[in-house]
Structure formats: C-alpha cells, structure tokens
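Secondary and tertiary structure notes
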Amino acid sequence: MPKTKEEVRENQRKYREDNKEKVSESKRKYRENNKEKLAQKQKEYREANKEKLAQKQKEYREANKEKLAQKEKEYYEANKEKQKEYYEDNKEKIAQYKKEYRQTPNGKKTKIINNWKLQGIICDYEAIYDIYVETTKCDFCNKEFQSTKNRQLDHNHDTGEVRGILCTSCNTLDVLK
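Scoring rules and cut-offs
Residues numbered from 1 in each chain as written. Predicted model: local features only at pLDDT ≥ 70, side-chain atom pairs only at ≥ 80, totals over all residues. Heavy atoms only, no water. Helix = DSSP H or I, 4+ residues; strand = E, 2+ residues; numbered from the N terminus. Rg over C-alpha atoms; globule rule 2.2 N^0.38 Å. Buried < 20%, exposed > 50% of the residue type's maximum accessible area, 1.4 Å probe, protein only. Contact = heavy atoms within 4.5 Å. Areas by Shrake-Rupley, 256 points an atom, 1.4 Å probe, with all protein chains shown as cover. Lys, Arg positive; Asp, Glu negative; His and termini not counted. Charge placed at Lys NZ, Arg CZ, Asp CG, Glu CD. Phe/Tyr/Trp six-rings, centres within 6.5 Å; stacked < 30°, edge-to-face > 60°. Core = buried A, V, L, I, M, F, W, Y, C linked by side-chain atoms within 4.5 Å. Pairing = 2+ DSSP bridges. Polar contact = N/O pair within 3.5 Å; in protein donor to acceptor, adjacent residues only side chain to side chain. Salt bridge = Lys/Arg side-chain N within 4 Å of Asp/Glu carboxyl O. Patch = residues over 30% accessible without salt bridge, like charges linked within 9 Å, V, L, I, M, F, W, Y side chains within 5 Å.

Topic: the overall build of the protein chain
When helices and strands are counted, the protein chain shows 10 helices and two strands. Secondary structure elements in the protein chain, listed N-terminal to C-terminal, are α-α-α-α-α-α-α-α-α-β-β-α. Against the globule reference of 16 Å for 177 residues, the protein chain gives a C-alpha radius of gyration of 28 Å, more extended than a compact globule. Every one of the 177 residues in the protein chain was classed for burial, and the buried ones make up 17%. The contacts in the protein chain between residues at least 6 apart in sequence include a share of 26% that link residues at least 24 apart. Accessible surface computed for the protein chain: about 15400 Å², of which carbon and sulfur atoms make up 49%. The distance from the centre of the 44 positive side-chain charges to the centre of the 34 negative ones in the protein chain is 4 Å.

This is the structure we're talking about:
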C-alpha cells in the first residue's frame with residue numbers, strides 16, 4: 001500500500017493509463033449528467049478571470065498572427081458562396097446592425113480614426129483620439145468648440161504629422177502651417 005503522495009499519484013496515473021476507455025466513459029457520463037453545473041462553473045471562472053483570459057487570448061493572437069491570418073484566409077476561400085448567400089439573405093439585418101453600431105462610442109471612434117487614416121494622418125491613433133475627444137477649445141484661438149463637427153485634427157499634408165486640434169475656422173486658415 002502506497003504511503004507518500006508521490007506513490008499515490010503514480011498509482012492513479014498508472015490506473016488511468018491502464019483503463020483509458022473506462023476512465024474516458026466515466027468522464028463522458030459525468031459531463032453528460034452535470035451539464036448545468038459545469039456550465040455554471042465555467043461561467044463563474046470566466047467572470048472571475050476575465051482580465052487573465054483576455055491577456056492570454058491577446059498573447060496567443062500576437063504569437064500566432066500568421067497562422068490565424070492563414071486560417072482566416074482559408075476559411076474565407078472555402079466559404080465564399082456561403083458568406084455571399086448569408087449577406088444576401090440578411091441585407092436589412094446587417095444594414096440595421098451597422099447603423100446602430102455607428103451610433104455607439106466605439107462606432108464613432110472607428111469612423112473618426114478611419115477618416116484620419118484616409119486623410120494620410122500618421123500617429124498613435126488611440127492616444128490622439130483620447131486627446132481629441134477630451135479637447136474642448138481650439139489650440140490656436142482658444143475658443144470653445146460649438147459642436148463636435150467644429151473640432152478638426154490639423155495635420156501636415158506632406159508628412160501626415162499631427163499639428164493640433166483646431167476649430168473649423170482656424171483649420172481652414174491653416175494657422176499652424
């Protein structure tokens with residue numbers, strides 16, 4: 001009879017190895033009989049470890065960029081017709097989703113950053129966006145912005161470098177040139 005923890009573990013490992021099918025069947029039955037309990041445990045674990053799981057996922061995606069891009073490309077190629085069919089069948093639903101998304105803070109942020117990219121602005125978009133949103137006065141004339149449409153990100157058109165956040169009047173006059 002084993003007495004140490006190591007001996008007990010070794011015996012358990014050996015039993016599992018010798019009885020793989022029996023152990024596998026036992027685990028399957030347990031999962032089948034305890035679906036709700038296991039689902040609740042998983043949910044609790046995910047909620048308790050949200051940041052840890054997000055960090056692991058981010059690290060995995062970063063470490064496997066090429067592999068994931070290749071898988072995505074292969075999936076797209078293999079399912080082109082299926083995707084076209086889905087789009088055709090759900091045009092209104094997709095349009096409604098996009099319309100609603102554009103009204104969310106993330107949707108507005110995405111639109112603004114994409115416009116900057118199209119204009120050739122080169123910067124740390126996240127950092128500049130945070131500054132842009134928090135800015136309430138023109139960097140040149142110091143007048144408060146009348147609306148968000150009055151706020152402009154001034155940049156050098158040759159280099160794409162950001163020069164400041166101006167009101168429409170000052171940006172039109174190109175005062176920071």
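Some points on the packing of aromatic side chains
Tallied over the full model, the rule gives three aromatic pairs. Judged by centre distance (6.4 Å) and plane angle (15°), the rings of Y97 and Y101 are stacked. With Y97 and Y101 both in helix α7 (residues 91–102), this residue pair falls four residues apart, about one helical turn. Judged by its relative accessible area of 55%, Y97 falls in the exposed class.

Comments concerning the nonpolar core
If you look at the biggest cluster of nonpolar residues, it comprises 14 residues, and the most contacted ones within it are W116, C138 and L153. If you list the elements that add at least two residues to this core, you get α8 (105–118), α9 (125–134) and β2 (162–167). Element by element, the count of residues in this core is highest for α9, at four residues. When neighbours within four sequence positions are excluded, C138 is seen to be in contact with K143, F145, I165, L166, C167 and C170.

Looking at the pairing of β2
Here five bridges tie strand β1 (residues 151–155) to β2, and the two strands are oriented antiparallel to one another. Of the residues in β2, the one forming a bridge with Q152 is L166. Counting the residues in the hairpin turn of β1 and β2 gives six residues, including G160, whose phi is positive at 85°.

Considerations on the side chain of T135
The topology assignment puts T135 in the loop between α9 and β1. Judged by its relative accessible area of 15%, T135 is buried. For T135, the side chain forms a polar contact with the main-chain oxygen of I131, separated by 2.6 Å. With near-sequence residues (within four places) excluded, T135 lies in contact with F145, R151 and I165.

Notes on the pattern of salt bridges
For the coordinates displayed, the defined rule picks out nine salt bridges. For R28, the salt bridge is made with E32, and the minimal N-O distance between the two is 2.8 Å. With R28 and E32 both in helix α2 (residues 20–33) and four residues apart, this pair spans about one turn of that helix. A salt bridge links E77 to K80; the nearest nitrogen and oxygen atoms lie 3.5 Å apart. Overall, the relative accessible area of 31% leaves K80 in the partly exposed class. Because the salt bridges share partners, they merge into one network encompassing E10, R13 and E17.

A look at a positive patch on the surface
A contiguous patch of positive charge, built from K98, R102, K111 and K149, is present on the exposed surface. Along the chain, K98 falls in helix α7. Here K98 falls in the partly exposed class, since its relative accessible area comes to 43%.

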